[in-house]
Amino acid sequence: MSDLAKYLPLSQRERGDESHLSADRSAELSAVLTRLADIIERMPAADWHAQSARPGCSMAETATVLLWRLQTPARLRRAALRRQLLRTPLRAARALELRVRASPARSPETTVAELRALARAPGHARVAELAASVCAALDIASPQGIALGLSPIASGAVALYQLQRAPYAVKAAARGHQLRAADAEWSVGFGPALESDAETILLFLFGRAHSVPGA
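As the structure is a computational prediction, the values presented were derived from the model and not from experiment. (Residues numbered from 1 in each chain as written. Predicted model: local features only at pLDDT ≥ 70, side-chain atom pairs only at ≥ 80, totals over all residues. Heavy atoms only, no water.)

A. Quick peek at the overall build of the protein. For the protein, the helix and strand inventory stands at nine helices and three strands. Seen in sequence order, the protein has helices and strands lined up from the N terminus as α-α-α-α-α-α-α-α-β-β-β-α. Counting over 215 residues, the protein shows a buried share of 46%. In the protein, 65% of the contacts between residues at least 6 apart in sequence involve partners at least 24 apart. (Helix = DSSP H or I, 4+ residues; strand = E, 2+ residues; numbered from the N terminus. Buried < 20%, exposed > 50% of the residue type's maximum accessible area, 1.4 Å probe, protein only. Contact = heavy atoms within 4.5 Å.)

B. Layout of helix H1 (residues 26-42). With 17 residues, H1 extends 24 Å between its outermost C-alpha atoms, agreeing within 8% with the 24 Å of an ideal straight helix rising 1.5 Å per residue. When we look at burial in H1, the residues that qualify are Ser26, Glu28, Leu29, Ser30, Val32, Leu33, Leu36, Ala37, Asp38, Ile39 and Ile40. Looking at the buried residues of H1, the elements they touch are helix H2 (59-71), helix H5 (108-120), helix H6 (127-141) and helix H7 (152-163). (Expected span 1.5 Å × (residues − 1).)

C. Here's a closer look at the packing of helix H3 (residues 74-87) against helix H4 (residues 92-101). The interhelical angle for the contact between H3 and H4, taken along N-to-C directions, is 110 degrees, at an axis separation of 9 Å. As summarised for this structure, H3 and H4 are arranged roughly perpendicular, according to the angle between their axes. In this structure, H3 contributes Arg77, Ala80, Leu81, Gln84, Leu85 and Arg87 to the contact, and H4 contributes Ala92, Ala93, Ala95, Leu96 and Arg99. For the contact of H3 with H4, the class distribution of residues is seven nonpolar, one polar and three charged. (Axes fitted to C-alpha atoms, helices over the stretch in contact; angles between N-to-C directions. Parallel < 35°, antiparallel > 145°, perpendicular 65-115°, else oblique. Nonpolar A, V, L, I, M, F, W, Y, C, P; charged D, E, K, R; others polar.)

D. Just the pairing of strand S2 (residues 186-189), in detail. Where strand S1 (residues 178-181) and S2 come together, four bridges link them in antiparallel fashion. What sits directly across from alanine 181, in S2, is tryptophan 186. Connecting S1 to the antiparallel partner S2 that follows it, the hairpin turn spans four residues, and glutamate 185 within it adopts a positive phi of roughly 60 degrees. (Pairing = 2+ DSSP bridges.)

E. Local environment of the pattern of salt bridges. Tallied over the entire structure, the rule returns ten salt bridges. Across the pair arginine 69 and glutamate 129 runs a salt bridge whose closest N-O atoms are separated by 3.3 Å. Of this pair, arginine 69 sits in helix H2 while glutamate 129 sits in helix H6; the two residues are 60 residues apart in sequence, bridging distant segments of the chain. Overall, the relative accessible area of 12% leaves glutamate 129 in the buried class. For the salt bridge of glutamate 97 with arginine 101, the shortest nitrogen-to-oxygen distance reads 3.4 Å. Of this pair, glutamate 97 and arginine 101 both sit in helix H4, four residues apart, which is roughly one turn of that helix. The exposure class of arginine 101 is buried, given its relative accessible area of 10%. Overlapping salt bridges, with partners in common, bring together Arg54, Glu61, Glu97 and Arg101 in one network. (Salt bridge = Lys/Arg side-chain N within 4 Å of Asp/Glu carboxyl O.)

F. Just unusual backbone geometry, in detail. Even without a glycine there, the phi angle at glutamate 185 is positive, about 60 degrees. Tracing the backbone through its elements, the reader meets glutamate 185 in the loop between S1 and S2.

G. Just the confidence of the model for the protein, in detail. Put simply, the protein has an average pLDDT of 87, and 90% of its residues get 70 or more. Low pLDDT, under 50, characterises residues 1-21; the stretch is placed with 44 contacts to residues that sit more than four places away or in other chains. (pLDDT = per-residue confidence, 0-100.)

H. View of the side chain of glutamate 199. For glutamate 199, the location among the structural elements is in helix H9 (residues 198-205). Despite its burial, glutamate 199 remains without a salt bridge, the nearest opposite charge being carried by arginine 35 at 7.2 Å. In contact with glutamate 199, not counting residues within four places along its chain, are Leu138, Ala147, Leu148, Gly149 and Leu150. (Lys, Arg positive; Asp, Glu negative; His and termini not counted.)

Pasting the structure below:
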């Protein structure tokens, strides 16, 4: 196991005293946001409204949802969700996302500026914010064939987090297997190992792949 074991309670390291583990993912979040800003900055203008890897969502809409998630305080997000529950009790979170996506579109230049500002001062970041950012970055980068170059700590933390929250179909497909990232020296799950690269595994865990990586 690599140095990742010093930071992550992944399934393959022995459990012991984990008091040294940090819940702050601000350094990893800053790196992901900077990388995403670089990708959008170099993106052809015609691609800004093209389909992202997120079903039914353009590159611009994907970025809009991420920025709303990162820029809106948690109490205001919760209040918005409560209001949405009164309107649409079923799938309120999905309905709220659609409303956010329908807000006035940002230009690529504005999006890049806002991402860089967040990257410079991410504050205390939880793995939830890191996971949302990695998901959006993959949704924008993967259709272009661009790798994010995530650090093993970032990809491993998000994989462990997302494994517990993956869509039912993803969990069912991965059940009984260990997903091992050959390029990051981490693994999640239990059972016979299926090996792939970290970003391919993350795309699967986020429900963006049609088959189990390495199967």
